[in-house]
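Residues per chain, in single letters:
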Amino acid sequence: MNIKEAAKATGLSNDTIRYYERIGVIMPVPRKENQLRDFTERNINQLKFAKTMRHAGVSIERLREYIGMVLEDDDRTIPARKALLLEQAEEMQERINQIQAAHDHLLYKIDHYESHMRQAENRLE
């Protein structure tokens, strides 16, 4: 699949895809004889993974570190890969907890204002 098709399949721009390949966030994409990229299903899955992780707040550096271990193609890196993913999952959970607490507080404030509005309406009657 060419870069336009890869962009459509992943929702990433052509520039972002090229950037991710250049800096090592995804594995090198095979090239055709004419030197155009020929994305495999594995490349597409890596792009989708990178997109999801970036949306979740994972840094480019951590993604590069992870892909670097994957590229080593050495089963001895599996514990380190798992540890990196677990660490990222814990950091995400902490952010989720913070966002949930902020959301809960907003809902409390909204309810508080609703109560004040009802009291004000009752005083006006």
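Residues numbered from 1 in each chain as written. Predicted model: local features only at pLDDT ≥ 70, side-chain atom pairs only at ≥ 80, totals over all residues. Heavy atoms only, no water.

- Within an unreviewed UniProt entry, the label attached to the protein chain reads MerR family (SoxR), and the organism entered is Fructobacillus tropaeoli.

### A closer look at the overall build of the protein chain
Piece 1. Within the protein chain, the secondary structure is distributed over 5 helices and 0 strands.
Piece 2. Listed by position from the N terminus, the elements making up the protein chain come as α-α-α-α-α.
Piece 3. For 125 residues, the compact-globule estimate of 2.2 N^0.38 gives 14 Å, and the C-alpha radius of gyration of the protein chain, at 23 Å, exceeds that figure by more than 25%.
Piece 4. In terms of its C-alpha atoms, the protein chain occupies a principal-axis envelope of roughly 80 × 35 × 20 Å.
Piece 5. Relative to its full complement of 125 residues, the protein chain shows a buried share of 27%.
Piece 6. Restricting the contact set of the protein chain to residue pairs at least 6 apart, pairs at least 24 apart contribute 47%.
Piece 7. Roughly 9,000 Å² of accessible area belongs to the protein chain as shown, and the carbon and sulfur atoms make up 53% of that amount.
Piece 8. Of the charged side chains in the protein chain, 20 are positive and 21 negative; the average position of the first set lies 5 Å away from that of the second. (Helix = DSSP H or I, 4+ residues; strand = E, 2+ residues; numbered from the N terminus. Rg over C-alpha atoms; globule rule 2.2 N^0.38 Å. Buried < 20%, exposed > 50% of the residue type's maximum accessible area, 1.4 Å probe, protein only. Contact = heavy atoms within 4.5 Å. Areas by Shrake-Rupley, 256 points an atom, 1.4 Å probe, with all protein chains shown as cover. Lys, Arg positive; Asp, Glu negative; His and termini not counted. Charge placed at Lys NZ, Arg CZ, Asp CG, Glu CD.)

### Some points on the packing of aromatic side chains
Piece 1. Per the stated rule, a full pass over the model turns up 2 aromatic pairs.
Piece 2. With 6.2 Å between their ring centres and 45 degrees between their planes, Tyr-19 and Tyr-20 make a pair best called tilted.
Piece 3. Centre to centre, the rings of Phe-49 and Tyr-66 are 5.6 Å apart; their planes meet at 40 degrees, and the pair counts as tilted. Of this pair, Phe-49 sits in helix H3 (residues 41–55) while Tyr-66 sits in helix H4 (residues 60–72), placing them 17 residues apart in sequence.
Piece 4. Its relative accessible area of 16% is what places Tyr-66 among the buried residues. (Phe/Tyr/Trp six-rings, centres within 6.5 Å; stacked < 30°, edge-to-face > 60°.)

### A short note on the UniProt feature "domain: HTH merR-type" (unreviewed entry) in the protein chain
Piece 1. On the UniProt side, "domain: HTH merR-type" (unreviewed entry) is annotated at positions that read residues 1–69 here.
Piece 2. Across residues 1–69 one finds 62% helix and 0% strand; the C-alpha atoms that close the span lie 26 Å apart. (UniProt positions renumbered as here; feature names shortened; annotations may be inferred.)

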